[in-house]
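# Report on the structure
Now for the letters of each chain:
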Amino acid sequence: MKKLFLLLLCTTTLIAQKSELVYENIFLTPVKSSENLLVEGIKRHNQKYHSKGKTTASLYSVLIGQHSGQYVWLNGPMELAEYDNMPDSAHMENWQKNIRIHVTSEKVKMAKLNWEASYTPPAWGSPNYILWRTFKIKHNMDSYNMILGAVTKIGKALKEMDAPNPRRVYESVFRSEDRSDITLVYPFKSFSRFSKSNGLPQDFQSKYDKINGPGAFKKEVGDVITKHANGWHDEVLMLIK
């Protein structure tokens, strides 16, 4: 677990930033009558097969958003080549025994960290909560790169202003049906953070314009998102184990 948080939040070397960093996310819909057994089963499975190495796993509960009431099993960080080493029969039998019998559905998503678009302050710590903000990108030829460009500019502005909180950018490895393929990840420690802001620092727009020129935020971010995305949605996750 410590390894996962260090890779997710702490400053890394230039060499590490050039490396491929991928997470496997499995959304689990629990059988409500055995939800506690599911959580305990995941803990046992993770301890046996995912407690060290590149495929270190953790469990989050979705508190708010379209997957609320579900869990997210987060496996990584890894390289895509690790996926070639599929679990053996004993591993899958353990998953069936401890997890699959206690869920009604499993949905898998592979997400790859975009280092250039992301921002992490020098020191921050380990949070219990994560905000996921996912864009629904239009199917136009250039919309994906336009949205990615906008969120990359936000990351550069956060670095320029020495923002106190991290923000990571993940891209879907495989395209989703509704193009929900770019997700901003905001770890946070208290819900009070959202009393005066929506994830970004308070007065971010005016600070962005101070760095990039008057009206820059509207032109480079607001107008781009309006034109190239069919909105976005937020989800809040809480660390279980």
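Our subject is the structure that appears above.
These remarks concern the structure in this document. (Residues numbered from 1 in each chain as written. Predicted model: local features only at pLDDT ≥ 70, side-chain atom pairs only at ≥ 80, totals over all residues. Heavy atoms only, no water.)

Next up on the list: the pattern of salt bridges. Tallied over the entire structure, the rule returns eight salt bridges. With a closest N to O distance of 3.6 Å, K43 and E40 form a salt bridge. Taken as a pair, K43 and E40 lie in helix α3 (residues 35–49) at a separation of three residues, close to a single helical turn. Judged by its relative accessible area of 29%, K43 is partly exposed. Among the residues examined, E40 registers a relative accessible area of 39% and is labelled partly exposed. A salt bridge links E106 to R100; its shortest N-O distance comes to 2.7 Å. The class of E106 is partly exposed, set by a relative accessible area of 27%. Residue classification places R100 among the partly exposed residues on the basis of a relative accessible area of 34%. (Salt bridge = Lys/Arg side-chain N within 4 Å of Asp/Glu carboxyl O. Helix = DSSP H or I, 4+ residues; strand = E, 2+ residues; numbered from the N terminus. Buried < 20%, exposed > 50% of the residue type's maximum accessible area, 1.4 Å probe, protein only.)

Looking now at the pairing of strand β1 (residues 22–30). Counting buried positions along β1 gives nine out of nine residues, so the element sits mostly inside the fold. Inspection of the sheet shows β1 paired to strand β3 (residues 71–78) by six bridges, in the antiparallel sense. In the sheet register, V22 faces β3, and the bridge partner there is M78. Pairing analysis gives nine bridges linking β1 to strand β4 (residues 103–113), with the strands arranged antiparallel. (Pairing = 2+ DSSP bridges.)

Let us now look at the nonpolar core. F135, I147, L158, V169, I182, F204 and Y208 are the most contacted members of the largest nonpolar core, which totals 29 residues. For this core, the secondary-structure elements that each account for two or more residues are β5 (129–137), α5 (143–160), β7 (182–188), α6 (204–212), α7 (216–228) and β8 (229–239). In terms of residue count, α5 provides more of this core than any other element does, eight residues in total. When residues no more than four places from it in sequence are discounted, the contact partners of I182 are R133, T134, F135, I137, Y144, I147, L148, V169 and Y170. (Core = buried A, V, L, I, M, F, W, Y, C linked by side-chain atoms within 4.5 Å. Contact = heavy atoms within 4.5 Å.)

On to the sheet that holds β5, then. The eight strands are arranged β1-β3-β2-β8-β5-β7-β6-β4 in a closed barrel whose pairing can be described as antiparallel. With direction set aside, neighbouring strand axes in the sheet form an average angle of 35 degrees. Here three bridges tie β4 to strand β6 (residues 168–172), and the two strands are oriented antiparallel to one another. Within the sheet, the bridge partner assigned to A111 lies in β6 and is S172. Each of β5 and β8 is contacted by α7, which is oriented at about 105 degrees to β8, the strand it contacts most. (Axes fitted to C-alpha atoms, helices over the stretch in contact; angles between N-to-C directions.)

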